[in-house]
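If you want the building blocks of each chain, they are given just below.
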Amino acid sequence: MMTKAGDIEAAYGLARERFESLGVDVDRAIEVLRETSVSVHCWQGDDVGGFEGEDRALGDGLAVTGNYPGRARTVDELRSDLEMAYSLIPGRHRLNLHAMYGEFQGVVERNEIGVEHFQGWIDWGRHQGISLDFNPTFFSHSLASSGFTLAHADRSIRQFWIEHGIACRKIAAAMGAAQGNPCINNFWVPDGYKDTPVDRQSPRQRLADSLDEIFREALPPEQALDAVECKLFGIGSESYVVGSHEFYMGYAVSRRKLLCLDAGHFHPTEVISDKISAVLMYVPALLLHVSRGVRWDSDHVVTFTDELQAIMQEIVRGGSLRRVHIGLDFFDASINRVAAWVIGTRNVLKALLAALLEPTERLQQLEREGDFTARLALLEEQKTMPLGAVWDYYCLSSDVPVGAQWLEQVRQYERMVQTNRSSTIKHA
Ligand code: RNT
Ligand code: ZN
């Protein structure tokens, strides 16, 4: 049943009074939320497939499970699905593209890709009012199948991937120049060993050297910013990952790069929320891959978990919104892929709103004064404050569906568009 706009506004009025009685500036919270863009990852739309012409099996440390019908097979289908998703998410958001998603018109080697292969995306972004972020693709490729790329012992294989990295930085800079704000270019490599290595040092030296070669040319920071992403283990790299947290933390600090923290890339009880304030002391900025780890998988659809809320609280409480770029990273092929985007992104925004509606100054003052009783009492009361009424109002005022009403639109899109796609045929 449709909720009436008048009811939403009335509920919002009451909720607003409750928050304001705690000293929260609700208008300001909504304003900040409206100004915050999340970088939506393109790869949820097609199970990390890409448009390189041949159907490459995903591998090299990544796996997508599920066979829900309707996967986007072409760039037009992916754009159509993205437009559907964005229309159900309040605010203005970015698109995070992987290099394998260029429009190649035939086979183009990864070390030979250029901005011409992404001009269609740049034009689409301009038309949609969507800024782009970027990622070199160091997986799903014959030269990655050994499990090594930039840290490979063979110089010629390293060279191929170094050239790919350099090509991607040029593309990212062109995207940033076209959109008038920096394109965040994130480097993740799968390199690692399934079983215990006897030389942990040499691959790390090679990875650092390769990255240094890729980053040799300085790019205008208003066009592109480089980020590096660590991982604890992957499928097929259970025992050793070259680009571990310590490796990239040191690399980012010493080379003044952004550090990317993926929420699914640490030990199961280790959380990235606690790392944000520590890492921001030493790196210029952070990129987040907001994700959800479940046992061996690091990429479940983001839900409204304690950790998601804690991540957003840390960003808001630390006053770090301008230094933390929020990106998403999950892929689930067992549910409608547009719905996956909508669920994950709406949750991120909802958690950000919850953090913005917290009486942060008051809580921090109680803590400074040593009143931990009041700190705990207020934090617990905050959990049942009427966040939902403010969220509903924000959706209404942003012209997107309120509550689960968006699902009906996805269902209709599924019926009209997605179910007509066969799962096997892939048009170039
Ligand atoms: C893999 C990393 C990486 C990828 C994307 C597709 O473990 O999280 O960010 O998920 O680049
Ligand atoms: Zn990631």
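Above this text you will find the structure in question.
Please read these numbers as outputs of a predicted model, since none were measured by experiment.

### Digging into the pattern of salt bridges
Between side chains of opposite charge, a pair can form when the charged atoms approach closely.
Part 1: All chains considered together, the criterion is met by 22 salt bridges.
Part 2: Here Arg421 and Glu77 are joined by a salt bridge, their closest N and O atoms 3.6 Å apart. Taken as a pair, Arg421 in the segment after α14 (405-416) and Glu77 in helix α3 (residues 75-86) lie far apart in primary sequence, 344 residues in all. Taken individually, Arg421 and Glu77 each receive the classification buried, so the pair is uniform in this respect.
Part 3: The residue Arg411 makes a salt bridge to Glu414 at a minimum N-O spacing of 3.7 Å. Of this pair, Arg411 and Glu414 both sit in helix α14, three residues apart, which is roughly one turn of that helix.
Part 4: Looking at Arg411, the relative accessible area reads 35%, which means it is partly exposed.
Part 5: Linked through salt bridges whose partners overlap, the residues forming this network are Arg73, Glu77, Asp81 and Arg421.

### A few points about α14
Think of an α-helix as turning once every 3.6 residues; residues three or four places apart then point the same way.
Part 1: Helix length check: α14, at twelve residues, gives a terminal C-alpha distance of 18 Å against a target of 16 Å (1.5 Å per residue), a fit within 8%.
Part 2: Packed against the buried residues of α14 are α3 and α10 (337-356).

### A short note on the pairing of strand β6 (residues 224-229)
Part 1: Of all the six residues making up β6, five are buried; the element is thus mostly covered by neighbouring parts of the structure.
Part 2: Both strand β4 (residues 183-187) and β6 contribute to a ladder of five bridges, which runs parallel. The partner of Asn185 across the bridge, within β6, is Asp226.
Part 3: Bridge count for β6 against strand β8 (residues 258-262) is three bridges, and the pairing is parallel. Bridge pairing in β8 places Ala227 opposite Leu258.

### Structural notes on the packing of aromatic side chains
Part 1: For the structure shown, the criterion picks out 16 aromatic pairs.
Part 2: Judged by centre distance (5.8 Å) and plane angle (25 degrees), the rings of Tyr193 and Tyr240 are stacked. In this pair, Tyr193 is assigned in strand β5 (residues 192-193) and Tyr240 in strand β7 (residues 240-241), connecting sequence segments 47 residues apart.
Part 3: For Tyr193, a relative accessible area of 33% gives the class partly exposed.
Part 4: Taken together through their ring pairs, the aromatic side chains of Phe138, Phe160, Trp161, Phe187, Phe215, Phe247, Tyr248 and Tyr251 make up a single cluster.
Part 5: Here the guanidinium or amino end of Arg79 rests over the ring plane of Trp121, the centre of that ring lying 4.3 Å away.
Part 6: Stacked on the ring of Phe215, the Lys or Arg Lys257 has its end atom at 4.2 Å from the ring centre.

### Some thoughts on the site of ligand 1
Part 1: Residues in contact with ligand 1, as listed here, are Trp43, Leu62, His98, Phe139, Trp188, Glu229, Lys231, Asp262, His265, His289, Asp329 and Phe331.
Part 2: Within the contact set of ligand 1, an oxygen atom lies 3.2 Å away from a side-chain nitrogen or oxygen of His289.
Part 3: Computed on the free molecule, ligand 1 has an accessible area of 310 Å², of which 99% lies beneath the protein chains in the complex.
Part 4: Its residues assigned to classes, the shell around ligand 1 shows five nonpolar, three polar and four charged.

### A short note on a nonpolar patch on the surface
Part 1: Among the surface-exposed residues, Leu232, Phe233, Ile235 and Trp296 lie close enough to one another that they form a single nonpolar patch of about 360 Å² accessible area.
Part 2: Residue position: Ile235 is located in the loop between β6 and β7.
Part 3: In this structure Ile235 comes out as partly exposed when scored by relative accessible area, which is 42%.

### Observations regarding the coordination of the zinc ion (ligand 2)
Part 1: Distances from the zinc ion (ligand 2) to its protein donors, Glu229 (OE), Asp262 (OD), His289 (ND1) and Asp329 (OD), fall within 2.1 to 2.2 Å.
Part 2: Around the zinc ion (ligand 2) sit six donor atoms; with metal-centred angles ranging over 70 to 166 degrees, the donor geometry is octahedral.
Part 3: Counting along the primary sequence, the residues that act as donors to the zinc ion (ligand 2) give the motif E-x32-D-x26-H-x39-D. Taken as a pair, Asp262 in strand β8 and His289 in strand β9 (residues 286-290) lie far apart in primary sequence, 27 residues in all. Pair check on accessibility: Asp262 and His289 agree, each one buried.

### So, the packing of helix α11 (residues 360-368) against helix α12 (residues 372-382)
Part 1: Running from N to C, α11 and α12 cross one another at 155 degrees; their axes reach a closest spacing of 8 Å. Between α11 and α12, the crossing angle belongs to the class labelled roughly antiparallel. For the pair α11 and α12, the sense of crossing is left-handed. Counting all contacts with α11, which are made through Arg362, Leu363, Leu366 and Glu367, the residues of α12 involved are Phe372, Ala374, Arg375, Leu378 and Leu379.
Part 2: A per-class count over the contact of α11 with α12 returns six nonpolar, no polar and three charged.

### Observations regarding the environment of Met281
Part 1: Within the fold, Met281 resides in the loop between α8 (273-279) and β9.
Part 2: In sequence terms Met281 and Val253 are 28 residues apart; their C-alpha atoms lie 9.7 Å from each other.

### With respect to the packing of helix α1 (residues 5-21) against helix α13 (residues 387-397)
Part 1: The N-to-C vectors of α1 and α13 enclose an angle of 130 degrees; their axes lie 8 Å apart at closest approach. Overall, the two elements α1 and α13 adopt an arrangement that is oblique. You can see that α1 and α13 cross each other, and the crossing is left-handed. On the side of α1, the interface is formed by Ala5, Ile8, Glu9, Ala11, Tyr12, Ala15 and Phe19, while α13 contributes Leu387, Ala389, Val390, Asp392, Tyr393 and Leu396.

Cut-offs applied
Residues numbered from 1 in each chain as written. Chains lettered and ligands numbered in written order. Predicted model: local features only at pLDDT ≥ 70, side-chain atom pairs only at ≥ 80, totals over all residues. Heavy atoms only, no water. Salt bridge = Lys/Arg side-chain N within 4 Å of Asp/Glu carboxyl O. Helix = DSSP H or I, 4+ residues; strand = E, 2+ residues; numbered from the N terminus. Buried < 20%, exposed > 50% of the residue type's maximum accessible area, 1.4 Å probe, protein only. Expected span 1.5 Å × (residues − 1). Contact = heavy atoms within 4.5 Å. Pairing = 2+ DSSP bridges. Phe/Tyr/Trp six-rings, centres within 6.5 Å; stacked < 30°, edge-to-face > 60°. Lys NZ or Arg CZ within 6 Å of the ring centre and 35° of its normal. Near = heavy atom within 4 Å. Polar contact = N/O pair within 3.5 Å; in protein donor to acceptor, adjacent residues only side chain to side chain. Areas by Shrake-Rupley, 256 points an atom, 1.4 Å probe, with all protein chains shown as cover. Nonpolar A, V, L, I, M, F, W, Y, C, P; charged D, E, K, R; others polar. Patch = residues over 30% accessible without salt bridge, like charges linked within 9 Å, V, L, I, M, F, W, Y side chains within 5 Å. Donors = N, O, S within 2.8 Å, 3.2 Å for Na, K, Ca; no water. Tetrahedral: all angles 85-135°; square planar, octahedral: opposite > 155°, others 65-115°. Axes fitted to C-alpha atoms, helices over the stretch in contact; angles between N-to-C directions. Parallel < 35°, antiparallel > 145°, perpendicular 65-115°, else oblique. Left-handed = near helix turned anticlockwise from the far one by under 90°.

Without other data, these values stay purely geometric and don't point to any function.
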